[in-house]
Amino acid sequence: MKPSLLLSFLFLTGLSALGAQPRLLAGLTGGYYEPTLTGFDTNAEIPTPKFMAKNVLYGLSLEGQVFYNTRITYQGLNSRHSGKTVSGANFSRTLTYRLLSLQTFYWPWRRLELNFSLGAVIGRGVINLNTKNASTDWDALLSSYGNSSIPLSSSDNMTTWWLGYASSIGLRYYLRSWLGLDLKAGFMHNGYRSSAWKFQGKTVTGPSLSLKRLPLFSLQVIFGW
Amino acid sequence: MVIKLARFGILLVLMVAFSEGQSKETAQPAKPCQSPVLLKVARNGLRSLKLREVPVYVYRGWQCRRSGVSREAFRKVDQRQLETDYTKAHRFLSWTSTWAYCVTSVVFLFYLEKLT
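Residues numbered from 1 in each chain as written. Chains lettered and ligands numbered in written order. Predicted model: local features only at pLDDT ≥ 70, side-chain atom pairs only at ≥ 80, totals over all residues. Heavy atoms only, no water.

(A) The pairing of strand E7 (residues 179-190) of chain A, seen in detail. Residues and elements named next belong to chain A. Counted residue by residue, E7 has nine buried out of twelve residues, so it is predominantly covered. Bridging between strand E6 (residues 152-176) and E7 involves twelve bridges; their strand directions are antiparallel. Note that in E7 the partner of Ser168 across the bridge is Gly186. In sequence, E6 turns back onto E7 through a hairpin of two residues. In the sheet, E7 pairs with strand E10 (residues 214-224) via ten bridges, with the strands oriented antiparallel. Residue Phe187 lies in a different strand from E10, and its bridge partner there is Pro215. (Buried < 20%, exposed > 50% of the residue type's maximum accessible area, 1.4 Å probe, protein only. Helix = DSSP H or I, 4+ residues; strand = E, 2+ residues; numbered from the N terminus. Pairing = 2+ DSSP bridges.)

(B) Broad picture of the packing of helix H2 (residues 36-44) of chain B against helix H3 (residues 54-66) of chain B. Residues and elements named next belong to chain B. Packing of H2 against H3 leaves a shortest axis separation of 9 Å and a crossing angle of 95°. Relative to H3, the element H2 lies roughly perpendicular. Between H2 and H3, the residues in contact are Val37, Leu38 and Val41 and Val56, Tyr57, Arg60, Gly61 and Cys64, respectively. Of the residues that constitute the contact of H2 with H3, the class distribution is six nonpolar, one polar and one charged. (Axes fitted to C-alpha atoms, helices over the stretch in contact; angles between N-to-C directions. Parallel < 35°, antiparallel > 145°, perpendicular 65-115°, else oblique. Contact = heavy atoms within 4.5 Å. Nonpolar A, V, L, I, M, F, W, Y, C, P; charged D, E, K, R; others polar.)

(C) Just a nonpolar patch on the surface, in detail. Residues and elements named next belong to chain A. A cluster of nonpolar residues, Leu171, Tyr173, Leu175, Leu181, Leu183 and Leu219, forms a patch on the protein surface that exposes about 510 Å² of accessible area. Secondary structure elements with two or more residues in the nonpolar patch: E6 and E7. In terms of residues, the nonpolar patch owes the most to one element, E6, which gives three residues. As for its placement among the helices and strands, Leu171 is situated in strand E6. (Patch = residues over 30% accessible without salt bridge, like charges linked within 9 Å, V, L, I, M, F, W, Y side chains within 5 Å. Areas by Shrake-Rupley, 256 points an atom, 1.4 Å probe, with all protein chains shown as cover. Salt bridge = Lys/Arg side-chain N within 4 Å of Asp/Glu carboxyl O.)

(D) Just H3(B), in detail. Look at H3(B): 18 Å from first C-alpha to last across 13 residues, which is about the 18 Å you get at 1.5 Å a residue. Phi for Gly68(B), located one or two positions after H3(B), is positive at around 115°. (Expected span 1.5 Å × (residues − 1).)

(E) Structural detail: the packing of aromatic side chains. This structure, assessed with the given rule, holds 15 aromatic pairs over all chains. Plain terms: the ring middles of Tyr165(A) and Phe187(A) are 6.2 Å apart, the flat faces sit at 90° to each other, and that makes the pair edge-to-face. Of this pair, Tyr165(A) sits in strand E6 while Phe187(A) sits in strand E7; the two residues are 22 residues apart in sequence, bridging distant segments of the chain. Taken together, the ring pairs connect Tyr33(A), Tyr97(A), Trp162(A), Tyr192(A) and Trp197(A) into an aromatic cluster. Positioned above the aromatic ring of Phe105(A), the side-chain terminus of Arg71(A) is 4.0 Å from the ring centre. Arg65(B) extends its terminal NZ or CZ atom over the ring of Phe74(B), reaching a point 5.0 Å from the ring centre. (Phe/Tyr/Trp six-rings, centres within 6.5 Å; stacked < 30°, edge-to-face > 60°. Lys NZ or Arg CZ within 6 Å of the ring centre and 35° of its normal.)

The structure is reproduced here in structure tokens:
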């Protein structure tokens, strides 16, 4: 089972077990952070990441109220960078931060909520290259039918994952009882190691990234019942 | 993954809406504002709805507004719900304040260290 599916399953099962009718909320998130992506910024083989690819995060969130002032939240934040390498192959890089937090909250004024989150980060990095190469075996077979050579497309991923933790304080304003805007300030710390990448089942060295102790700001649009 | 989740969510909502619509269709009253879901919300508030009743409520609410009932009635339901939410959450209960203090300390110390 894929980790994302497993996490969603555990999240929903946990909610079902903890409360018969928990209040559920879903959100769209846009975030800002400042990582040092040395392995991508200074790599001449791939396009240099711009602001949107480097500093902006986007994703979805799910929240379930399990106690009077408590929610369990799951937030998936993504950073994606894509383009063509010097040799013309299609390149893409995705960093995904999955935040599983316990959040407590209270309403100091009507419509206005303060919330406090602390939880774990499960991070995942994927580098994908889609290349076009000639295959001598295919060429031989194709030419036996009178065809010329056709380049073959092949795609593969380099992947890694890591653990970390994140914390934030949020200010949420409810425009309606089912619609709110949530502004959060906090940080996350990721235990990323460049030596823990996997490619074709083998451990390889990946890009050098500094993902430790990063300030994190986000704006969420929350829908909920 | 995000696209897959969004597709799954949309599919789930559509399935629930269709199945709920079919099961209740025969029992629907002639007046859309007399729908049991709308009456339930009027009596017990928006949070009394189960997740699968939400699409039905949205649809019946839309039908009800089309039949001439002003938006004000729905705004009042919304206001009342916000008031109930405020009453329930305007103070911390049990250990939740301890958690909030811990988080505040952690975030405050992080930024203090960053800025100094």
